[in-house]
Amino acid sequence: MLKHFILLLVFTFTTLPASTLSLLILGSGGPEMGDQRASSAYIVKVDGRSRVLIDFGGGASLRFEEAGVHIEELDVILLTHLHIDHTADLPALMKASFFTPRSRDLELFGPEGNRVMPGTRTFIKRLFENRDGAWQYMGDYLDGRAAFRLRAKDVRKSRKVHTIYRKGDLSIQAVSVHHGPIPAMAYRVNVGKKSITFSGDMNGKYHTLERLAKNTDLLLAHNAVPKGAGGPAADLHMTPYTIGQIASKANAGTLILSHRMLRTLGRESETKKEIRKSYKGKTAFADDKSLYNVR
Ligand SMILES: [Zn+2]
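All values derive from a computational prediction rather than experimental measurement.

1. Quick word on helix H4 (residues 90-97)
Stage number 1. Listing the buried residues of H4 in full gives Leu90, Pro91, Leu93, Met94 and Ser97. Relative to the axis of H4, the buried residues are bounded by an arc of 160° and lie together on one face.

So this is what it looks like as structure tokens:
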């Protein structure tokens, strides 16, 4: 009898299905208006639950609603950096949460500050703090008097890949990336052996993304500038050639291109050709509400 029980247990454990991991694009655009795209925002779903939100730029709250995402399901928010096209709809998300049954605290991570940008904790305080915040009437979400607390944390600047979050089979790693003078992070979300890596805005100068994204299943890279970009744009963003180099060095399973702007829209075949010079894997251009499953 005991033997049968043990056999049954072994059978049950070995046949448990691995978690399903998917990437939902909420916003595939950049800061511009006129391309019908929301600004940068992504959801990582685990077994159908929306557990990680990465960035939340303008228009993302409408896409969030259209895609049927529930605020209650979120474990964590990751901000790659604090530019408006990555953060503008956060106040809308916080206000909307008031009308949901959410009671669990919500963790939020973003880069620490420097002389041109505040750190993430300061940024959130400036938005919501009692008395001094822009929306000071939301202060209860910082001081624990609302149904849940928004817990903002600064991720230290580091060119070493480090783990910032762990909960059950979900873990998140971060590394600094170069985005002109702006503190910026790339993140990797791991669930079991599967992973999705987010470049955020960056130009590749630190050579950190290829290490963070090593053997990742999906690499989401920002295609904000076309081939031949120079000047400040090239200090802020990766050219298609650089994206290809990074995806190749990382041995990424699939490359997804987002943060598409008017200057890159319509140049997809040229962009793909540049990427193909070094990366031979599958490449896709993201649209709002596209869903990619990790196999
Ligand atoms: Zn951006």
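2. Focus on the coordination of the zinc ion
Stage number 1. Bound to the zinc ion on the protein side are Asp85 (OD), His86 (NE2), Asp201 (OD) and His259 (NE2), at distances that span 2.1 to 2.2 Å.
Stage number 2. Angles of 88 to 168° at the metal separate the four donor atoms of the zinc ion, which places the site in the irregular class.
Stage number 3. When the donor residues of the zinc ion are listed from N- to C-terminus, their spacing reads D-H-x114-D-x57-H. Taken together, the positions of Asp85 in helix H3 (residues 84-87) and His259 in the loop between strand S12 (254-258) and helix H10 (268-276) put the pair 174 residues apart, joining distant regions of the chain. In this pair, the class of Asp85 matches that of His259, namely buried.

3. Overview of the side chain of His162
Stage number 1. The topology assignment puts His162 in strand S7 (residues 162-167).
Stage number 2. What makes His162 buried here is its relative accessible area of 12%.
Stage number 3. Engagement of the side chain of His162 in a polar contact is seen with the backbone oxygen of Lys160, the distance being 3.0 Å.
Stage number 4. In contact with His162, other than residues within four places in its own chain, are Val155, Arg156, Ile172, Gln173 and Ala174.

4. A word on helix H5 (residues 120-128)
Stage number 1. Buried residues of H5: Thr120, Phe123, Ile124, Leu127 and Phe128, and no others. Projected down its long axis, H5 shows its buried positions confined to an angular sector of 110°, all on one face.
Stage number 2. Where H5 is buried, its residues contact H3, H4, strand S5 (106-111), helix H6 (140-143) and strand S6 (150-155).

5. What to know about the nonpolar core
Stage number 1. One finds Phe64 and Ile124 to be the most contacted residues of the largest nonpolar core, which totals 32 residues.
Stage number 2. Here this core takes four residues from H5, the largest share from any one element.
Stage number 3. Counting 29 residues, the second-largest nonpolar core is a separate cluster that includes Ile25, Phe198, Leu218 and Ile256.

6. A few points about the sheet that holds S12
Stage number 1. Spatial strand order, S7-S8-S9-S10-S11-S12-S13: seven strands in an open sheet with mixed pairing. Only two strands of the sheet have a single partner each, and these edge strands are S7 and strand S13 (282-285). Across this sheet, the average inter-strand angle for adjacent strands is 20°, counted without regard to direction.
Stage number 2. Bridge count for strand S11 (residues 218-222) against S12 is five bridges, and the pairing is parallel. Across the sheet, Leu220 pairs through a bridge with Ile256, a residue of S12.
Stage number 3. Against the sheet, helix H9 (residues 240-250) contacts S11 and S12, and its axis sits at roughly 160° relative to S11.
Stage number 4. Against the sheet, H10 makes contact with S12 and S13, and its axis sits at roughly 150° relative to S13, the strand it touches most.

7. So, the UniProt feature "domain: Metallo-beta-lactamase" (unreviewed entry) in the protein
Stage number 1. In the numbering used here, UniProt assigns the "domain: Metallo-beta-lactamase" (unreviewed entry) feature to residues 38-259.
Stage number 2. The distance separating the terminal C-alpha atoms of residues 38-259 is 9 Å; by composition the span is 24% helix and 32% strand.

8. Topic: the pairing of strand S2 (residues 41-46)
Stage number 1. A large share of S2 lies buried, amounting to six of its six residues.
Stage number 2. In S2, alternate side chains face the same way, and those of Ala41, Ile43 and Lys45 on one face and Tyr42, Val44 and Val46 on the other are all buried.
Stage number 3. As judged from the six bridges shared by strand S1 (residues 21-27) and S2, these two strands associate in the antiparallel manner. Bridge pairing links Leu24 to Ile43 in S2.
Stage number 4. For S2 and strand S3 (residues 49-56), the ladder comprises six bridges, and the chain directions are antiparallel. Directly across from Lys45, in S3, lies its bridge partner Ser50.

9. Quick notes on the environment of Leu108
Stage number 1. Turning to its location among the elements, Leu108 is positioned in strand S5.
Stage number 2. A C-alpha to C-alpha distance of 4.6 Å links Leu108 and Ile77, two positions 31 residues apart in sequence.
Stage number 3. Discounting residues that sit within four places of it in the chain, Leu108 has contacts with Ile77, Leu79, Leu90, Thr120, Ile124, Leu150, Arg151, Ala152 and Lys153.

10. Some thoughts on the sheet that holds strand S14 (residues 291-294)
Stage number 1. Strand order in the open sheet formed by seven strands is S6-S5-S4-S3-S2-S1-S14, with mixed pairing between adjacent strands. Whereas interior strands pair on both sides, the edge strands pair on one side only; in this sheet they are S6 and S14. Averaged over all neighbouring strand pairs, the angle between strand axes comes to 20°, with direction disregarded.
Stage number 2. Judged from the three bridges that link them, strand S4 (residues 76-78) and S5 form a sheet pairing that is parallel. Residue Leu78 lies in a different strand from S5, and its bridge partner there is Phe109.
Stage number 3. In the packing of H5 onto the sheet, the strands contacted are S5 and S6, and the crossing angle to S6 comes to about 145°.

Each value, and the rule that gives it
Residues numbered from 1 in each chain as written. Predicted model: local features only at pLDDT ≥ 70, side-chain atom pairs only at ≥ 80, totals over all residues. Heavy atoms only, no water. Buried < 20%, exposed > 50% of the residue type's maximum accessible area, 1.4 Å probe, protein only. Helix = DSSP H or I, 4+ residues; strand = E, 2+ residues; numbered from the N terminus. Arc of directions from axis to C-beta. Donors = N, O, S within 2.8 Å, 3.2 Å for Na, K, Ca; no water. Tetrahedral: all angles 85-135°; square planar, octahedral: opposite > 155°, others 65-115°. Polar contact = N/O pair within 3.5 Å; in protein donor to acceptor, adjacent residues only side chain to side chain. Contact = heavy atoms within 4.5 Å. Core = buried A, V, L, I, M, F, W, Y, C linked by side-chain atoms within 4.5 Å. Pairing = 2+ DSSP bridges. Axes fitted to C-alpha atoms, helices over the stretch in contact; angles between N-to-C directions. UniProt positions renumbered as here; feature names shortened; annotations may be inferred.

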